[in-house]
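What follows is the residue order along each chain.
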Amino acid sequence: MSDPNSDDRRSDSRLEDDTDGGPSNRTETAAANIDSGTGFGDRADTGRDPRDESTQVSDEERRRKISVISLLVATLGVWVALSTLVLETGAAPLWNNVLVGLVVGAAAGYNYYRLANDIPLSTAIASLVAILGIWLIVSAALLEMTGSVFWNTVASGLLVAGLAGYNAYEARDARTVATEPETGA
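For clarity, every value in this text was computed on a predicted model and none was experimentally measured.

Participant: Which residues make up the overall build of the protein chain, and what values do they have?
Facilitator: Helix and strand content of the protein chain: six helices and zero strands. Going from N to C terminus, the protein chain has its helices and strands arranged as α-α-α-α-α-α. In the protein chain, buried positions account for 29% of the 185 residues. Within the protein chain, contacts between residues separated by at least 24 positions form 64% of all contacts whose residues are at least 6 apart in sequence. Summing over all exposed atoms, the protein chain offers an accessible surface of approximately 11900 Å²; the carbon and sulfur share of this is 60%.

Participant: Give a detailed account of the nonpolar core, specifying residues and quantitative values.
Facilitator: Formed by 15 residues in total, the largest nonpolar core has its most connected members in Val73, Val100, Val104, Val129 and Val160. Counting only elements with at least two residues in this core, the list comes to helix H3 (51-86), helix H4 (91-116), helix H5 (123-142) and helix H6 (147-178). It is H3 that provides the largest number of residues to this core, a total of five residues. In contact with Val160, other than residues within four places in its own chain, are Val73, Leu76, Val104, Val129, Gly133 and Gly165. Ile66, Leu115, Ala168 and Ala171 belong to the second largest nonpolar core, which has six residues in total.

Participant: Before we move on, could you go through the packing of H4 against H5 and cite the residues and values that matter?
Facilitator: Look at H4 against H5: their axes get within 10 Å of each other, and the N-to-C directions meet at 155°. Accordingly, the angle class assigned to the pair H4 and H5 is roughly antiparallel. Between H4 and H5 the crossing geometry is left-handed. Residue-level inspection shows Asn96, Asn97, Val100, Val103, Val104, Ala107, Ala108, Tyr110 and Asn111 of H4 in contact with H5, the latter providing Ile125, Ala126, Val129, Leu132, Trp135, Leu136 and Ser139. Grouping the amino acids of the contact of H4 with H5 by side-chain chemistry returns twelve nonpolar, four polar and no charged.

Participant: Kindly report on the packing of aromatic side chains, identifying the contributing residues and their values.
Facilitator: Aromatic ring pairs are reported here in terms of the distance separating the ring centres and the angle at which the planes meet. Scanning all chains against the criterion turns up one aromatic pair. Measuring from ring centre to ring centre gives 4.9 Å for Phe150 and Trp151, while their planes differ by 85°; the resulting arrangement is edge-to-face. On the accessibility criterion, Phe150 (22% relative accessible area) is partly exposed.

Participant: Residue-level account of H4, with values.
Facilitator: Here H4 contains 26 residues, and its C-alpha end-to-end distance of 37 Å stays within 8% of the 38 Å for a straight helix at 1.5 Å per residue. Two residues or fewer past H4, Asp118 is found with a positive phi of approximately 55°.

Participant: Tell me about H5, and please be specific about residues and values.
Facilitator: Over its 20 residues, H5 runs 28 Å from end to end, which matches the ideal 28 Å to within 8%, given 1.5 Å per residue. Following H5 by one or two positions, Glu144 adopts a phi angle in the positive range, close to 50°.

Participant: Lay out the confidence of the model for the protein chain in plain terms, naming residues and giving numbers.
Facilitator: The share of residues in the protein chain with pLDDT of 70 or more is 59%, and the mean pLDDT across the chain is 77. Looking at the elements of the protein chain, mean pLDDT is at its lowest for helix H1 (residues 13-16), recorded as 50, and at its highest for H5, recorded as 95. For the stretch residues 35-40, pLDDT sits under 50, and the model shows ten contacts to residues farther than four places along the chain or on other chains.

Participant: How would you explain the side chain of Asn111 if you had to name every residue and give the values?
Facilitator: Looking at the element boundaries, Asn111 is found in helix H4. Here Asn111 falls in the buried class, since its relative accessible area comes to 2%. Setting aside residues up to four positions removed in sequence, Asn111 forms contacts with Ser70, Leu121, Ser122, Ile125 and Ala126.

Participant: I'd love a proper account of unusual backbone geometry, names of residues and values included.
Facilitator: In this structure, Asp118 is a non-glycine residue whose phi angle is positive, near 55°. With respect to the helices and strands, Asp118 occurs in the loop between H4 and H5.

Participant: Explain the environment of Ile66 residue by residue, including any values.
Facilitator: Summarising the element assignment, Ile66 is placed in helix H3. Classification of Ile66 as buried rests on a relative accessible area of 3%. If sequence neighbours within four positions are ignored, Ile66 has contacts with Leu115, Leu121, Asn167, Glu170 and Ala171.

Rules used throughout
- Residues numbered from 1 in each chain as written.
- Predicted model: local features only at pLDDT ≥ 70, side-chain atom pairs only at ≥ 80, totals over all residues.
- Heavy atoms only, no water.
- Helix = DSSP H or I, 4+ residues; strand = E, 2+ residues; numbered from the N terminus.
- Buried < 20%, exposed > 50% of the residue type's maximum accessible area, 1.4 Å probe, protein only.
- Contact = heavy atoms within 4.5 Å.
- Areas by Shrake-Rupley, 256 points an atom, 1.4 Å probe, with all protein chains shown as cover.
- Core = buried A, V, L, I, M, F, W, Y, C linked by side-chain atoms within 4.5 Å.
- Axes fitted to C-alpha atoms, helices over the stretch in contact; angles between N-to-C directions.
- Parallel < 35°, antiparallel > 145°, perpendicular 65-115°, else oblique.
- Left-handed = near helix turned anticlockwise from the far one by under 90°.
- Nonpolar A, V, L, I, M, F, W, Y, C, P; charged D, E, K, R; others polar.
- Phe/Tyr/Trp six-rings, centres within 6.5 Å; stacked < 30°, edge-to-face > 60°.
- Expected span 1.5 Å × (residues − 1).
- pLDDT = per-residue confidence, 0-100.

Right, dumping it as structure tokens:
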């Protein structure tokens, strides 16, 4: 009985002993010429991948944007700490804003320092800063801040939480890209 798909299988014992190492039938030849798009082992040439340049430009733009955001968050943290000198407030809100503002400024400044020295942004530090931004929003109500101190703390908390949360998201994304194996040479 004959097999209708015999062209897909090796039926001749001579083909099984083939020592040239290449594809020996049409299916294997077609499979050897397919590029999966992943860049890993699909192509015979090991030259430069044309996708590398656009990926590098994208990564550089992302890094530049994150560093500016980190610097902005550090500045907001310093503002929260110093705003207590400008705006009249009680003891509890004063110490809350000074301590949280200094920690936000130092942590975001540390992330900016890391980015300026081509070290990946710390996801944990960016997440901590986002949580402290949320704390600023909550503490404005818990510590019964009023007037301009209340609105300053809430607005600063919203900006810190949003920007630091975005940095944490981008840091996670950038770390994924940075840990992928090299495709070239």
